[in-house]
Amino acid sequence: FVLTPPLVAISVALCAALSSFGETRTWKGGGGDALASTGANWEEGVAPAAGDAVTFDETGRDYPCTWDIDVALASWTQTADYTNVVTIATEYDSTKFDCLEISGNVVLNGGTWTHLANSGTTKKYRLCASVGGDMTIGEGAKINADMCGYTAKITVNGKTSAYGGNHGGF
């Protein structure tokens, strides 16, 4: 089988495109803490890097995760077998980890996404994710911000909430 010049160029371009995709990292937990940045918490022994795809499945179902890595991922998958919580540690402060970026698809078929809890009237934590592809939330998954809002009355855009325990919405 001989490749003619146009096919050689196409095959070289295809190989270059395929090599630009990162690795798949599978959460296993049990690495001494719940941080995504700890390599020992991943099946491959390495924390996810820019361009990687992450998977949460039966491998790490007994371990919650605190996602503290500020890198753009290729995709995110939580299977129905992952029934634990992933706490996305994004903050309002744009000089810190302010938004989880995923260029491709997000599939949440199990488990929960949440964010770190705020306290008093300090606006610090939020759940922010930018998804470049499709986002699917199956019946076994949820996004839950219960008990993550402010514990006291706060003022947002000139309006003061009537009650404590909120996220500042009206």
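Calculation rules
Residues numbered from 1 in each chain as written. Predicted model: local features only at pLDDT ≥ 70, side-chain atom pairs only at ≥ 80, totals over all residues. Heavy atoms only, no water. Phe/Tyr/Trp six-rings, centres within 6.5 Å; stacked < 30°, edge-to-face > 60°. Helix = DSSP H or I, 4+ residues; strand = E, 2+ residues; numbered from the N terminus. Buried < 20%, exposed > 50% of the residue type's maximum accessible area, 1.4 Å probe, protein only. Pairing = 2+ DSSP bridges. Axes fitted to C-alpha atoms, helices over the stretch in contact; angles between N-to-C directions. Core = buried A, V, L, I, M, F, W, Y, C linked by side-chain atoms within 4.5 Å. Polar contact = N/O pair within 3.5 Å; in protein donor to acceptor, adjacent residues only side chain to side chain.

1. Structural notes on the packing of aromatic side chains
Here comes step 1: Summed over all chains, the structure comprises eight aromatic pairs.
Here comes step 2: Aromatic pair Trp27 and Trp42: ring centres 5.2 Å apart, planes at 75°, arrangement edge-to-face. Placement of Trp27 in the loop between strand E1 (24-26) and strand E2 (53-56) and of Trp42 in the loop between E1 and E2 is noted, with a sequence separation of 15 residues between them. Both residues of the pair, Trp27 and Trp42, belong to the buried class.
Here comes step 3: Feature note: the residues Trp27, Trp42, Phe56, Trp67, Trp76, Tyr82 and Trp113 constitute an aromatic cluster, connected by ring pairs.

2. Examining the sheet that holds strand E3 (residues 65-67)
Here comes step 1: An order of E3-E5-E8-E11 is seen for the four strands of this open sheet, with the pairing classed as parallel. Only two strands of the sheet have a single partner each, and these edge strands are E3 and strand E11 (141-143). Pairwise comparison of adjacent strand axes, ignoring direction, gives a mean angle of 20° for this sheet.
Here comes step 2: By the bridge criterion, four bridges tie strand E5 (residues 85-88) to strand E8 (residues 111-115) in an arrangement that is parallel. Each residue of the ladder has a partner; that of Thr87, found in E8, is Thr114.

3. Regarding the pairing of strand E4 (residues 75-78)
Here comes step 1: Side chains of E4 alternate between two faces, with Trp76 and Gln78 buried and Ser75 and Thr77 left unburied.
Here comes step 2: Sheet analysis places E2 next to E4, joined by four bridges and oriented parallel. Residue pairing in the sheet places Thr55 in a bridge with Thr77 of E4.
Here comes step 3: As paired strands, E4 and strand E7 (residues 106-108) are joined by three bridges and run parallel to one another. Residue pairing for E7: Gln78 is matched across the bridge by Leu108.

4. Regarding the nonpolar core
Here comes step 1: Membership of the largest hydrophobic core comes to 20 residues, with the highest contact counts inside it found for Phe56, Cys65, Trp67, Trp76, Val86, Leu100 and Trp113.
Here comes step 2: Taken together, the elements giving at least two residues each to this core come down to E2, E3, E5, strand E6 (100-102) and E7.

5. Some thoughts on the sheet that holds E2
Here comes step 1: Reading across the sheet, the five strands line up as E1-E2-E4-E7-E10 and stay open at both edges, with parallel pairing between neighbours. The strands lining the two open edges of the sheet, one partner per strand, are E1 and strand E10 (135-137). Across the sheet, the mean angle from the axis of one strand to that of its neighbour is 10°, orientation sign disregarded.
Here comes step 2: Note: E1 against E2, three bridges, orientation parallel. Counted as the bridge partner of Thr24 is Ala53 from E2.

6. Quick look at the side chain of Thr38
Here comes step 1: With respect to the helices, strands and loops of the structure, Thr38 is situated in the loop between E1 and E2.
Here comes step 2: Residue class for Thr38 comes out buried when judged on its relative accessible area of 17%.

7. Description of the environment of Thr114
Here comes step 1: Tracing the chain through its elements places Thr114 in strand E8.
Here comes step 2: Considered as a pair, Thr114 and Leu127 are 13 residues apart in the sequence and their alpha carbons are 6.6 Å apart.
Here comes step 3: Here the side chain of Thr114 touches Asn144 through a polar contact of 2.6 Å, landing on its backbone oxygen.

None of the figures reported here should be taken as evidence of function without further support.
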